[in-house]
Amino acid sequence: MCLHFYRSSVKKKTAVLLVNLGSPDSPKPKDVYRYLTEFLNDPRVIDISWIGRKLLVNGIIVPFRHRNSAKLYQDLWTENGSPLIHYGKLVQQLLQERFDNTIEADVKVFLGMRYQNPSLESALTAVRKWNPDKILIIPLFPHYASASTGSVIDKCMRIMRDMWAFPDVEFISQFWDHPLFLKAFIENGKQFNLAEYDHVLFSYHGLPERQLDKLYDDNKCSNHSCETEMNEENRFCYKATCYATTRAIAAGLGLDESKYSVAFQSRLGKGWITPFSDVVIEELAKKGKKKILVYSPAFIADCLETTIEIGEEYQGLFEKYGGEKVQLVPSLNDNPTWVSALEDMVRKRLA
């Protein structure tokens, strides 16, 4: 009788944990140093031997690059601090408001970052203290990759293994094909007169090709038609879902195939997914293109890779070879349709 009374009279509690990559605590070199050290020492990010990673990251990359990176973060920083953290907190608040008067369930939205603050440890401690019936964890990466979503899931599971009592736990591993996610990016693109642009470039964060190959039994992503179709074998392939996202957004914008292309940015060395965005930008300028529109659908909030790399560095590169304007389509940030996409994901998975 008591159990029946509890289940029928008390709303079940669902904790929603939004997780993004993270940001330095400030653009000061010491904070950037700490952020890069944690980020690049993640074995899912740089997937080489432990000793090789330590030598490369702690002995070469971070000591020699953190000051230049700090200058870039200083350009990125706003009066609200890191845009990625700012919009993360804002979306957390906006999503919470969607559930504040929910009758069927008690929902509380938490925010954590894979690297630095607010930390996943602090976020999951707060979740545990709230004592939910279910934990729904949403890594804010539209496309699954071991270096992003996989790393978040791995870290959350390592933190939660010390919990004595486990509620139901669910992860959303990717959401690139959610209709409202796609609609939000299409809305952002429609802010611009597409007829004024010579080309539309869809630029995604790059990955080493070896990380794609590991997904397949034959260890060869190139054998699985990732540029042209989604199938049973490649549904979790980062490259395949990026191309599929492009086709979906392009269709929503009414773009002809000849008017857009896909490329990958932010490479750290050889053996990364091609074509490279900076090379494509240069080639477009050399072909006489004057104005291009650039989408970056792998990022749901403004960050170094969008605002600085595309908005500033690619603009300079384009001008160098005769182009005039690189127009960045804004990230989703606090777009209401994007918040509705998250709301829909949560409502379909309530405890």
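Since the structure is predicted, the reported quantities are computational estimates derived from the model, not experimental observations.

K.L.:
How do you make sense of the overall build of the protein when you look at a structure like this?
P.N.:
Within the protein, the secondary structure is distributed over 12 helices and 8 strands. The dimensions of the protein, computed from C-alpha atoms along their principal axes, are 75 × 50 × 50 Å. The 351 residues of the protein split such that 53% are buried. If you take every contact in the protein between residues at least 6 apart in sequence, the share linking residues at least 24 apart comes to 76%. Accessible surface, the protein: about 16,700 Å² in total, of which carbon and sulfur atoms supply 52%. For the protein, the distance from the average site of its 44 positive side-chain charges to the average site of its 44 negative ones is 4 Å.

K.L.:
Even after reading the chapter, I still don't get the packing of helix α10 (residues 277-286) against helix α11 (residues 304-320), so can you show me in this structure?
P.N.:
Angle between the axes and distance between the axes: these two values describe a pair of packed helices. Following both chains from N to C, one finds α10 and α11 inclined at 35°, their axes separated by 8 Å at the closest point. As for the relative orientation of α10 and α11, their crossing is right-handed in sense. On α11, the residues touching Ser277, Asp278, Ile281, Glu282, Leu284 and Ala285 of α10 are Tyr314, Leu317 and Phe318. A breakdown of the residues in the contact of α10 with α11 according to their chemical character gives 6 nonpolar, 1 polar and 2 charged.

K.L.:
Explain unusual backbone geometry here, please?
P.N.:
Note: most residues except glycine have negative phi, and most peptide bonds are trans. With an omega of -5°, the peptide bond between Asn117 and Pro118 qualifies as cis. Tracing the sequence through the fold places Pro118 in the loop between β2 (106-116) and α5 (120-130). With an omega dihedral of 0°, the bond running from Thr274 to Pro275 counts as a cis peptide bond. With respect to the element layout, Pro275 can be found in the loop between β6 (260-265) and α10. One non-glycine residue with positive phi stands out, namely Ser225, at about 55°. Checked against the element boundaries, Ser225 lands in the loop between α8 (209-213) and α9 (238-253). Even without a glycine there, the phi angle at Ser266 is positive, about 65°.

K.L.:
Please explain empty space enclosed by the protein as it appears in this structure.
P.N.:
Over the atoms a probe the size of a water molecule is rolled, and this reveals where empty space is left. This structure, assessed with the given rule, holds 1 cavity of 30 Å³ or more. Taken as a whole, the largest cavity spans an internal volume of roughly 50 Å³. Taken together, Asn20, Leu84, Tyr87, Gly88, Val91, Leu140, Ile300, Ala301, Asn333, Trp338 and Leu342 make up the full set of residues lining the largest cavity. Among the elements that take part in the lining of the largest cavity, helix α4 (residues 83-99) stands out by supplying 4 residues, more than any other.

Conventions used here
- In every chain, residue numbers begin from 1 and rise along the written sequence.
- In view of the model being predicted, local features appear only for residues whose pLDDT reaches at least 70, and side-chain atom pairs are presented and counted only at 80 or more, with totals across whole chains, interfaces and linings using the full set of residues.
- Side-chain measures were taken over the full set of non-hydrogen atoms in the model, leaving aside hydrogen atoms and water.
- Counting from the N terminus, the helices are DSSP H or I runs at least four residues long and the strands are E runs at least two residues long.
- Here the term buried applies to any residue with accessible area under 20% of the maximum for its type, exposed to any over 50%, and partly exposed to those in between, with areas from a 1.4 Å probe on protein chains only.
- Contacts were defined at the residue level, with two residues in contact if any of their heavy atoms lie within 4.5 Å.
- Only the protein chains shown count as cover for residues, with accessible areas throughout obtained via the Shrake-Rupley method and a probe of 1.4 Å.
- Only four residue types enter the tally: Lys and Arg on the positive side, Asp and Glu on the negative side, with His and both chain ends excluded.
- Charge coordinates come from a single atom per side chain, which is NZ of Lys, CZ of Arg, CG of Asp or CD of Glu.
- A fitted line through C-alpha atoms serves as each axis, taken over the contacting stretch for helices, and the angle formed by two N-to-C directions is quoted from 0 to 180°.
- Crossings are classed by handedness, with left-handed meaning an anticlockwise turn of the near helix from the far one by less than a right angle and right-handed meaning a clockwise turn.
- For this scheme, ten residues count as nonpolar: Ala, Val, Leu, Ile, Met, Phe, Trp, Tyr, Cys and Pro. Four count as charged, namely Asp, Glu, Lys and Arg, and the remainder, Gly too, count as polar.
- Both cavities and pockets are sets of points on a 1 Å grid over the protein atoms alone; in a cavity a 1.4 Å probe fits but cannot get out, in a pocket the set is open with protein on both sides within 12 Å along at least five of seven lines, and lining residues sit with an atom within 4 Å of a point.
- Grid points are joined across faces, edges and corners, and a volume is the space filled by probe spheres set on the points.

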